[in-house]
There are 2 protein chains.
Amino acid sequence: MAHHNLDSLDKKILKLIAEDARIPFLEVARSCNVSGAAIHQRIQKLNNMGVLKGSKFIIDPEKIGYETCAYMGLNLKNPEKFDAVVDELKKIPEVVECHYTTGDYDMFIKIYAVNNHHLLNIIHDRLQPLGLSRSETIISFNSAFSRQLPILDMPVDDVETDED
Amino acid sequence: MAHHNLDSLDKKILKLIAEDARIPFLEVARSCNVSGAAIHQRIQKLNNMGVLKGSKFIIDPEKIGYETCAYMGLNLKNPEKFDAVVDELKKIPEVVECHYTTGDYDMFIKIYAVNNHHLLNIIHDRLQPLGLSRSETIISFNSAFSRQLPILDMPVDDVETDED
DNA sequence: GCTGAAATAATTAACAC
DNA sequence: GTGTTAATTATTTCAGC
């Protein structure tokens, strides 16, 4: 199921638009030797297929007042209340990602705060009341890099041997 | 320094464009009662200030053939070689984020793989040779949510007491 | 599923406050 | 510096192949 019948034009478009959502579609069109309307229709199709899930501007958290970035592993006193806890986490705007994980933690979140003091406030006042049995905080000093996944050119079954 | 003199129009624009990089600027312009050119100039200014760091399309990893998502905490045998390790990690396209962290790990990465087997191949063949003394892998089953940070309406110094 | 043309929008430049 | 209008280029829609 993995590739959902993406042809080479779909993949070329994805590679061209992935890192710049405001790229002129006519520029993509010229690179692909098709009309701008064709690019538009393909991108509509990729949206409808769920391959594309919208777009976003990348905002520098520090420049809008968030100096602290942390990842937290959480364990719940009542792991069966996972969904309710996710709903509560959604109400905390500083929590920007939430994952259901295997391993040592029940869930794993990414959180920004204005400063370390603000992070401690959030943990004490908003997270602890959710019923945590344990939590671990990893503070990110610096993001060394952040980027998109590559669009695979090959069928998926070839990839497993790619690293051997 | 945090807000870099963002005025209320800058913040309104950021809120409107954050979650949809392809929103028509004229729609933003009408919401803000200014011309489209003014929105364009403001967004240019936000780019020049470094508040905006470009844009991207959100691509569903599963739909392009990546079934496994993991976070890994890494410890280096030679932590002073951090920069060289970052350079090597950049060469592994499946590694999409890399952070310098406090706490139990020297660094923390986000990694996608075609499947669990492929992840193990990457860890064994590409990560272990970098000189890891220890690593811990957290596999994400499911992303419960992922979103942008809120644009603060208030000066930063007010926020610390916001949660008390 | 593509093209080409028409309508709406983005971008650029010249200029006003 | 921040906004405007007007000209050029791009996006979007749609009829037709």
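Cut-offs and rules
Residues numbered from 1 in each chain as written. Chains lettered and ligands numbered in written order. Predicted model: local features only at pLDDT ≥ 70, side-chain atom pairs only at ≥ 80, totals over all residues. Heavy atoms only, no water. Buried < 20%, exposed > 50% of the residue type's maximum accessible area, 1.4 Å probe, protein only. Helix = DSSP H or I, 4+ residues; strand = E, 2+ residues; numbered from the N terminus. Pairing = 2+ DSSP bridges. 1 Å grid on protein atoms, 1.4 Å probe; cavity = no way out; pocket = protein on both sides within 12 Å on 5 of 7 lines; lining within 4 Å. Points joined across faces, edges and corners; volume = space filled by probe spheres on them. Nonpolar A, V, L, I, M, F, W, Y, C, P; charged D, E, K, R; others polar. Contact = heavy atoms within 4.5 Å. Polar contact = N/O pair within 3.5 Å; in protein donor to acceptor, adjacent residues only side chain to side chain. Buried area = accessible area lost by both parts, 1.4 Å probe. Salt bridge = Lys/Arg side-chain N within 4 Å of Asp/Glu carboxyl O. Near = heavy atom within 4 Å.

Engineer: What am I meant to see in the pairing of strand 4 (residues 107-113) of chain A here?
Structural biologist: Looking down a regular strand, the side chains alternate between one sheet face and the other. Residues and elements named next belong to chain A. Among the seven residues that make up strand 4, seven are buried, leaving the element largely enclosed by the rest of the structure. Residues Met107, Ile109, Ile111 and Ala113 of strand 4 are buried on one face, and the alternating residues Phe108, Lys110 and Tyr112, pointing to the opposite face, are buried as well. Bridge count between strand 2 (residues 68-76) and strand 4: seven bridges; the pairing is antiparallel. Looking at strand 4, one finds that Cys69 is bridged to Tyr112. Pairing analysis gives five bridges linking strand 3 (residues 95-101) to strand 4, with the strands arranged antiparallel. Residue pairing in the sheet places Tyr100 in a bridge with Met107 of strand 4. Connecting the antiparallel pair strand 3 and strand 4 is a turn made up of five residues, with Gly103 showing a positive phi of about 100°.

Engineer: Teacher, can you tell me more about the layout of surface pockets here?
Structural biologist: Rolled over the atoms, a probe as big as a water molecule pinpoints where empty space is left. Approximately 160 Å³ is the volume attributed to the second largest pocket. Lining of the second largest pocket is provided by Asp20, Arg22 and Phe57 of chain A together with Phe25, His40, Ile43, Gln44, Asn47, Gly54 and Ser55 of chain B. Of all the secondary-structure elements, those providing two or more residues to the lining of the second largest pocket are helix 3 (36-49) and strand 1 (52-59) of chain B. The element that contributes the greatest number of residues to the lining of the second largest pocket is helix 3 of chain B, accounting for four residues. Classifying every residue of the lining of the second largest pocket gives three nonpolar, five polar and two charged.

Engineer: What is the right way to look at helix 5 (residues 116-127) of chain B in this model?
Structural biologist: Residue pairs spaced three or four apart in an α-helix point in one direction, given the helix's 3.6 residues per turn. Residues and elements named next belong to chain B. Taken together, the buried positions of helix 5 are His118, Leu119, Asn121, Ile122, Ile123 and Leu127. Where helix 5 is buried, its residues touch strand 2 (68-76), helix 4 (82-90), strand 4 (107-113) and strand 5 (132-146). Near the N-terminus of helix 5, the side chain that reaches the backbone nitrogen of His117, with its oxygen 3.3 Å away, is that of Asn115.

Engineer: Looking at this structure, how should I read the interface of chain B and chain A?
Structural biologist: Much of the literature gives interface size as the accessible area that the parts lose upon coming together. Contact residues are listed per partner, giving 81 residues for chain B and 81 residues for chain A. Here chain B packs against chain A, burying approximately 8100 Å² in sum over the two surfaces, 58% of which is carbon and sulfur. Summed over the shared surface of chain B and chain A, the number is four salt bridges. Measuring nitrogen to oxygen at the nearest pair gives 3.9 Å for the salt bridge that ties Lys110 of chain B to Glu97 of chain A. Linking chain B with chain A are 48 residue pairs in polar contact (both at pLDDT 80 or more). Listing elements by their share of the side of chain B that touches chain A, those giving two or more residues are helix 1 (8-17), strand 1, helix 4, strand 3 (95-101), strand 4, helix 5 and strand 5 of chain B. Broken down by element, the residue count for the side of chain B that touches chain A peaks at ten residues, all from strand 5 of chain B. In terms of residue class, the side of chain B that touches chain A is built from 43 nonpolar, 18 polar and 20 charged. Relative to strand 3 of chain B, strand 5 (residues 132-146) of chain A runs antiparallel, the two sharing five bridges. Each residue of the ladder has a partner; that of Phe145 of chain A, found in strand 3 of chain B, is Cys98 of chain B.

Engineer: Would you mind going over the protein's contact with DNA strand C with me for this structure?
Structural biologist: Near DNA strand C lie 16 residues; those nearest to it are Ser35 and Arg42 of chain A together with Pro24, Phe25 and Leu26 of chain B. In the interface set of DNA strand C, defined as its atoms within 4 Å of the protein, sugar plus phosphate atoms amount to 74%. In the environment of DNA strand C, a phosphate oxygen lies 2.5 Å from a nitrogen or oxygen atom belonging to the side chain of Arg42 of chain A. Residue assignment for the surface near DNA strand C shows that the elements contributing at least two residues are helix 3 (36-49) of chain A together with helix 2 (25-32) and helix 3 of chain B. Counting residues per element, the surface near DNA strand C draws most heavily on helix 3 of chain A, which supplies five residues.

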